[in-house]
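Here's the letter readout for the chains.
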Amino acid sequence: MKKIIVMAIAAITMVSASFALNLSFGVRANLGKNLDNDISNISAEIQSINAESDFEYGFGVMANAAILGGLGVQAELNLTKGAVNFAGVSSVGDKPVTNTYDTWLLDVPVMLWLNLDVWKLTVGFGGGVNMAFDLNSGSLAEMYSQTEALVKDNLFKMGAAAGADVKFFVTDSFALVVSGRWIMDFEKKTASFELGEGLDLEYPTVEFQRNSVYGGIGVELKLL
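Below: a short report on this structure. Remember, predicted model here, so these are calculated numbers, not experimental data. (Residues numbered from 1 in each chain as written. Predicted model: local features only at pLDDT ≥ 70, side-chain atom pairs only at ≥ 80, totals over all residues. Heavy atoms only, no water.)

1. Some words on the pairing of strand E7 (residues 156-169)
Basically, it comes down to this: By definition, two strands form a pair when at least two bridges between them are found by DSSP. Only runs of H or I of at least four residues qualify as helices and only runs of E of at least two qualify as strands under DSSP, and these elements are numbered from the N terminus.
Judged from the 13 bridges that link them, strand E6 (residues 121-134) and E7 form a sheet pairing that is antiparallel. When the bridges of E7 are listed, Val123 appears paired with Val166. Where E7 lies against strand E8 (residues 174-185), eleven bridges are found, and the strand directions are antiparallel. Of the residues in E8, the one forming a bridge with Lys167 is Val177. Taking the residues between adjacent antiparallel strands as the criterion, E7 and E8 are bridged by four residues.

2. A word on the pattern of salt bridges
Any two side chains of opposite charge can pair, so long as their charged atoms come close to each other. To be explicit about the condition: Between Lys or Arg on one side and Asp or Glu on the other, a salt bridge is scored when a side-chain nitrogen of the former is within 4 Å of a carboxyl oxygen of the latter. Only protein chains enter the accessibility calculation, which uses a 1.4 Å probe; a residue is then buried when its area is under 20% of its type maximum, exposed when over 50%, and partly exposed in between.
Applying the stated criterion across every chain, the model contains six salt bridges. When the shortest N-O distance is used, the salt bridge between Lys157 and Glu187 registers 3.9 Å. Residue Lys157 is found in strand E7, and its partner Glu187 is found in the loop between E8 and strand E9 (189-192); the two are separated by 30 residues along the sequence. Owing to a relative accessible area of 6%, Lys157 belongs among the buried residues under this scheme. For Glu187, a relative accessible area of 52% corresponds to the exposed category. Three or more residues are tied together by salt bridges with common partners; here these are Arg28, Glu76, Asp165 and Arg181.

3. Observations regarding the packing of aromatic side chains
Going by this rule: Ring pairs are drawn from Phe, Tyr and Trp, using the six-membered ring of Trp, whenever the two centres fall within 6.5 Å, and their geometry is named by plane angle: stacked under 30 degrees, edge-to-face over 60, tilted for the rest.
Summed over the entire model, instances satisfying the criterion amount to one aromatic pair. Measuring from ring centre to ring centre gives 6.5 Å for Trp119 and Phe168, while their planes differ by 50°; the resulting arrangement is tilted. Here the residue Trp119 occupies a position in the loop between strand E5 (96-118) and E6, and Phe168 occupies one in strand E7, the gap between them amounting to 49 residues. The class for Phe168 is partly exposed, based on a relative accessible area of 33%.

4. Description of the environment of Ser179
So the rule is basically this: Definition of a polar contact: a pair of N or O atoms within 3.5 Å, with one able to donate and the other able to accept a hydrogen when the atoms are protein atoms, and with sequence-neighbouring residues admitted only if both atoms are side-chain atoms.
With respect to the secondary-structure elements, Ser179 resides in strand E8. For the pair formed by Ser179 and Ala164, sequence separation is 15 residues and the distance between their alpha carbons is 5.7 Å. In this structure the side chain of Ser179 is engaged in a polar contact, spanning 3.4 Å, whose partner is the side chain of Arg28.

In structure tokens, the structure reads:
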């Protein structure tokens with residue numbers, strides 16, 4: 001009987017240890033680039049487009065909960081600034097025109113995440129879904145001025161997310177983090193842009209699908 005009790009206590013201890021919750025939080029600065037340009041129904045006056053492929057930058061916060069060993073969930077909030085650039089020629093006197101529209105996105109990736117400890121390093125990687133919220137205002141509001149349906153279609157986009165982190169622990173609970181992230185929308189975004197107010201240029205309709213890759217550097221604090 002004693003052996004059974006001892007074995008039961010040992011089993012409970014092992015299961016409890018396996019499912020111990022490790023919780024950490026971090027902050028990070030990001031820099032990246034959108035890789036995809038998919039243009040359709042572009043007006044003849046437009047010479048070129050650089051659809052959100054300038055360097056993007058921003059910052060983010062993350063939370064990681066490792067539930068089963070190093071396996072768990074990582075959720076993030078990443079604020080990203082990009083740009084949409086147009087170049088064209090007006091039909092009035094062949095005047096060259098360029099316009100740049102700022103873009104602001106709030107990414108919320110939620111990923112299944114695995115952390116592996118190697119010496120003072122922790123290598124983490126995972127994948128999941130991303131929820132992108134459009135925070136644009138000011139000059140970029142022109143791109144949503146066509147129809148209410150267009151506004152609703154572009155304010156929120158679902159996509160895929162994947163990433164990897166390398167963490168160097170300076171102490172048992174404080175780490176420096178280098179990270180990489182990939183974000184891709186499941187569906188294309190449709191937008192109408194005004195190029196050159198009063199210059200007899202039509203609103204070009206553009207479709208592009210986000211495919212962003214960016215890296216980051218930051219710090220992380222392990223609480224549990």
